[in-house]
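Observations on chain architecture
Listed below, chain by chain, are the residues.
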Amino acid sequence: MEVSTHGSAKLRRLFNRACADYQLLQDGDRVLVAVSGGKDSMVLTRLLGERARLHKPRIEVAAVHVVMDNVPYATDQNYLRQYCEECGVQLHVVHTHFDPTTDRRKTPCFLCSWYRRKALFLYASEHGYTKVALGHHQDDILVTMLMNLTFEGSFSSMPPLLPMAHYPVSLIRPLCLVPEAMVRDEATLLGVRPQHKLCPYETTTRRTTMQGIYQQLEQMNPEARYSMWRALQGRSQSNEG
């Protein structure tokens, strides 16, 4: 589906700018995008599918959907597969699970995320992918910064590009410059069908609470996101120096 609107064009400019500024895509990359069925990963799949049709950089894109067998999620895998095919991207499905009794110090939400990531990186490394793409947008990154500052005493967040220490792949976040509202609007324009989630831990996390605080900051100052982003980027450049 081709969507030509001002909002869609701006989203693509931010996507392309992120890929260029942070050197997320290189010629010859094999990119595996993690597809959950949510708006962020679905929009990212569309963008990467479009990028794969360009001559430079020449990249190959595939998608993977990780099913956590012991968490009651309801995703329409047929719909996900059809959507990916429309984007020119093949979808792979991987199953995994975790035991919440193995580590009482960690929340089920943390364990679920950790085992999903492990399955994702393992699949990518075993099948020769060089990059793993996640659908984190700018709001996700800024909320993570606030969480790390509040609970860990660390002024840090999720970087746009992260080489993995234990796997021969790099993690990329091509939506890092895109506000969540813009992703939501794009998903609506593309007709992305919301998936029905049944996760029992979804609304009981620190992240959910911090998202509310972040929204209050934006209500206090509509420019807050840009101030926080500049501060975060300045901190990253200082650490690199």
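All residue numbers refer to positions counted from 1 along the written sequence of the respective chain. In keeping with the predicted nature of the model, local features appear solely for residues at pLDDT of at least 70, side-chain atom pairs appear and are counted solely at 80 or more, and the whole-chain, interface and lining totals rest on all residues. Computation of side-chain values: all heavy atoms of the structure, hydrogens and water removed.

**With respect to the packing of aromatic side chains**
The geometry of an aromatic ring pair comes down to the distance between the two centres and the angle between the two planes. Note the threshold: Two rings belonging to Phe, Tyr or Trp (six-membered ring only in the last case) form a pair when the distance between their centres is within 6.5 Å. Interplanar angles under 30 degrees mark stacking, angles over 60 mark edge-to-face geometry, and anything in between is tilted. Runs of E in the DSSP output that reach at least two residues are strands. Runs of H or I that reach at least four are helices, and both are numbered from the N terminus. Whether a residue is buried, partly exposed or exposed follows from its accessible area with a 1.4 Å probe, protein chains only, as a fraction of its type maximum: under 20%, in between, or over 50%, in that order. The rule is short: NZ of Lys or CZ of Arg within 6 Å of the ring centre and within 35 degrees of the ring normal puts a charge over the ring.
Within the structure shown, the criterion is met by four aromatic pairs. Measuring from centroid to centroid gives 6.4 Å for Tyr79 and Tyr83, while their planes differ by 45 degrees, and the two rings are tilted. You can see Tyr79 and its partner Tyr83 sitting in helix 3 (residues 77-86), four residues apart, about one turn around the helix. An identical accessibility class is assigned to Tyr79 and Tyr83; each is buried. Centre to centre, the rings of Trp114 and Tyr115 are 5.0 Å apart; their planes meet at 80 degrees, and the pair counts as edge-to-face. Look at Trp114 and you get partly exposed, because its relative accessible area is 43%. Three or more aromatic residues link up through ring pairs in this structure, and these residues are Phe98, Trp114 and Tyr115. Note that Arg30 overlies the ring of Tyr129, its terminal NZ or CZ placed 4.3 Å from the centroid. Above the ring of Phe151, the side-chain terminus of Arg206 is found at 4.1 Å from the ring centroid.

**Here we look at the sheet that holds strand 5 (residues 161-163)**
Basically, it comes down to this: Note on pairing: DSSP must find at least two bridges between two strands before they are called paired. The convention used is that axes are lines fitted to C-alpha atoms, helices contributing only their stretch in contact, and that angles between N-to-C directions extend from 0 to 180 degrees. Contacts are residue-level and defined by heavy atoms, with any inter-residue pair within 4.5 Å sufficient.
Strand order in the open sheet formed by six strands is 3-2-1-4-6-5, and the pairing between neighbours is mixed. Each edge of the open sheet is held by one strand with a lone partner, namely strand 3 (90-96) and strand 5. If you compare each strand with its neighbour and ignore which way they point, the axes differ by 25 degrees on average. The pairing of strand 4 (residues 131-133) with strand 6 (residues 170-172) spans three bridges and is classified as parallel. Note that in strand 6 the partner of Val132 across the bridge is Leu171. Contacting strand 1 (30-34), strand 2 (60-68) and strand 4, helix 2 (residues 39-52) crosses the sheet at an angle of about 160 degrees to strand 1. Its contacts with the sheet put helix 4 (residues 108-126) on strand 1, strand 2, strand 3, strand 4 and strand 6, and the angle it makes with strand 2 is roughly 145 degrees.

**Topic: the pairing of strand 1**
The condition that has to hold: We call a crossover right-handed when, viewed with both strands directed away from the observer, the connection leading from the first strand over the helix to the second proceeds clockwise.
Within strand 1, four of the five residues are buried, which leaves it mostly tucked inside the rest of the structure. Crossover connection from strand 1 via helix 2 to parallel strand 2: handedness right-handed.

**Details of unusual backbone geometry**
Cis peptide bonds are those with omega within 30 degrees of zero, and the linkage from Lys56 to Pro57 qualifies with -10 degrees. Phi is positive for Gln23, which is not a glycine, with a value near 50 degrees. Locating Gln23 in the fold gives a position in the loop between helix 1 (6-21) and strand 1.

**A look at the confidence of the model for the protein**
Filter applied, for reference: Each residue carries a pLDDT value, the predictor's own confidence for that position, ranging from 0 to 100.
Mean pLDDT over the protein: 89, with 90% of residues reaching 70 or higher. Confidence drops under pLDDT 50 across residues 1-6; counting only partners more than four residues distant or on other chains, this segment forms eight contacts.

**Section: the side chain of His65**
In plain terms, the rule: The term polar contact refers here to a pair of N or O atoms within 3.5 Å; inside protein, the definition further demands a hydrogen-donor-capable atom paired with an acceptor-capable atom, and it admits residues adjacent in sequence only when both atoms are side-chain atoms.
Within the secondary structure, His65 is located in strand 2. A polar atom in the side chain of His65 sits 3.2 Å from the side chain of Thr75. Among residues more than four places away in sequence, those in contact with His65 are Val35, Ser36, Thr75, Gln77, Leu80, Leu91, His92, Val93 and Val94.

**Let's talk about the pairing of strand 2**
The side chains of a regular strand alternate, residue by residue, between the two faces of the sheet. The buried count for strand 2 comes to eight of nine residues, which makes it a mostly enclosed element. Across five bridges, the pairing between strand 1 and strand 2 is parallel. Bridging from a neighbouring strand, Leu32 pairs with Ala62 of strand 2.

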